[in-house]
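# Breakdown of the fold
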Amino acid sequence: MRETLVLNASFEPLSTVSLRRAVVLVLRDKAVVEQAHPGLRVRAAAVEVPVPQVIRLRRYVRVPFRERAPWSRRGVLVRDRHRCAYCGRRATTVDHVLPRSRGGQDTWLNTVAACADDNHRKADRTPEQAGMRLLTRPFEPTPADALLLALGMRDGASGLPQWLPAPAPAPAGIA
Ligand SMILES: [Zn+2]
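Residues numbered from 1 in each chain as written. Predicted model: local features only at pLDDT ≥ 70, side-chain atom pairs only at ≥ 80, totals over all residues.

## Let's talk about the overall build of the protein
- What the protein contains, in helices and strands, is five helices and six strands.
- From first element to last, N terminus to C terminus, the protein shows the α and β order β-β-α-β-β-α-β-β-α-α-α.
- For the protein, the proportion of its 175 residues judged to be buried stands at 29%.
- Excluding contacts between residues fewer than 6 apart, the proportion of contacts in the protein whose partners are at least 24 apart in sequence is 59%. (Helix = DSSP H or I, 4+ residues; strand = E, 2+ residues; numbered from the N terminus. Buried ≥ 20, exposed ≤ 12 C-beta atoms within 10 Å, placed from the backbone. Contact = placed C-beta atoms within 7 Å.)

## Points about helix 1 (residues 19-27)
- For helix 1, the complete set of buried residues consists of Arg21, Ala22, Val23, Val24, Leu25 and Val26.
- Phi turns positive one or two residues past the end of helix 1, at Asp29, with a value near 70°.

## Here's the deal with the pairing of strand 2 (residues 13-18)
- For strand 1 (residues 3-7) and strand 2, the ladder comprises five bridges, and the chain directions are antiparallel. Bridge pairing in strand 2 links Val6 to Ser15.
- Hairpin remark: strand 1 followed by strand 2, antiparallel, with five residues in the connecting loop; positive phi at Phe11, about 75°. (Pairing = 2+ DSSP bridges.)

## Considering the environment of Leu14
- Along the polypeptide, Leu14 turns up in strand 2.
- Classification of Leu14 as buried rests on a count of 20 C-beta atoms within 10 Å.
- In this structure the C-alpha to C-alpha distance between Leu14 and Arg56, which are 42 residues apart in sequence, comes to 9.5 Å.

## A look at the nonpolar core
- Counting residues in hydrophobic clusters, the biggest one holds 13 residues, and the most contacted among them are Val6, Ala22, Leu25, Val26 and Ile55.
- Here this core gets five residues from one element, more than from any other, and that element is helix 1.
- One finds Val76, Leu77, Val112 and Cys115 within the second-largest nonpolar core, a separate group that totals 12 residues. (Core = buried A, V, L, I, M, F, W, Y, C linked by C-beta atoms within 7 Å.)

## What about the pairing of strand 6 (residues 111-114)?
- Here strand 6 shows no split at all, with Thr111 and Ala113 on one side and Val112 and Ala114 on the other all buried.
- As paired strands, strand 5 (residues 93-96) and strand 6 are joined by four bridges and run antiparallel to one another. Across the sheet, residue Asp95 finds its bridge partner in strand 6, namely Val112.

## What about the environment of Ala116?
- Along the chain, Ala116 turns up in helix 3 (residues 116-122).
- Setting aside its immediate chain neighbours within four residues, Ala116 contacts Thr92 and Thr93.

## Topic: unusual backbone geometry
- Look at Asp29: it is not a glycine, yet its phi comes out positive at around 70°.
- Here Asp29 shows up in the loop between helix 1 and strand 3 (31-44).
- Phi angles above zero are rare outside glycine, and Ala123 is one such case at about 50°.
- Tracing the backbone through its elements, the reader meets Ala123 in the loop between helix 3 and helix 4 (127-130).
- A tally of 13 C-beta atoms within 10 Å means that Ala123 is categorised as partly exposed.

## As for the confidence of the model for the protein
- Across the protein, the average pLDDT comes to 80, with 78% of residues at or above 70.
- Of the regions scoring below 50 in pLDDT, residues 155-175 engages in 56 contacts with residues more than four places distant in sequence or in other chains. (pLDDT = per-residue confidence, 0-100.)

## A few points about the environment of Val49
- Relative to the helices and strands, Val49 is located in strand 4 (residues 47-57).
- Looking at Val49, the number of C-beta atoms within 10 Å reads 16, which means it is partly exposed.
- Placed 26 residues apart in sequence, Val49 and Val23 show a C-alpha to C-alpha distance of 7.7 Å.

Pasting the structure below:
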């Protein structure tokens, strides 16, 4: 997949993003193309733009985290699109795959969105012990996700990732 380098307004390199995300940043006037593939154009939203190799943000952004996104309950719900990892229904709680009582940590890889019913049913057990299967594997957000978040681009309808650092405490989940 083609990647585009993103520079801050100060020309400091921030991250790489997919071509699609880079084009959206340009189309939304969040960034300008600094360098493009010669002769290549990409069609997006009824306009044609050069295929960007390097884009630069119009406004300086402070990216709150570069290497790793801080874990948060709200972040987990957003990452999993508010879908229960066990049944796919709407999730409002965060489940610790390995329960905290067994040493499970508040980490991206140990937590999934879960509906209240499944969270309650699983209780203080591992999925295996509870006879429950994870429909998706938890994953950790990337620096590109963090960058798009810092730009306020977490609009799911546009197909952009919905990342957020979510410093605010989220509603308490069970387990
Ligand atoms: Zn469920």
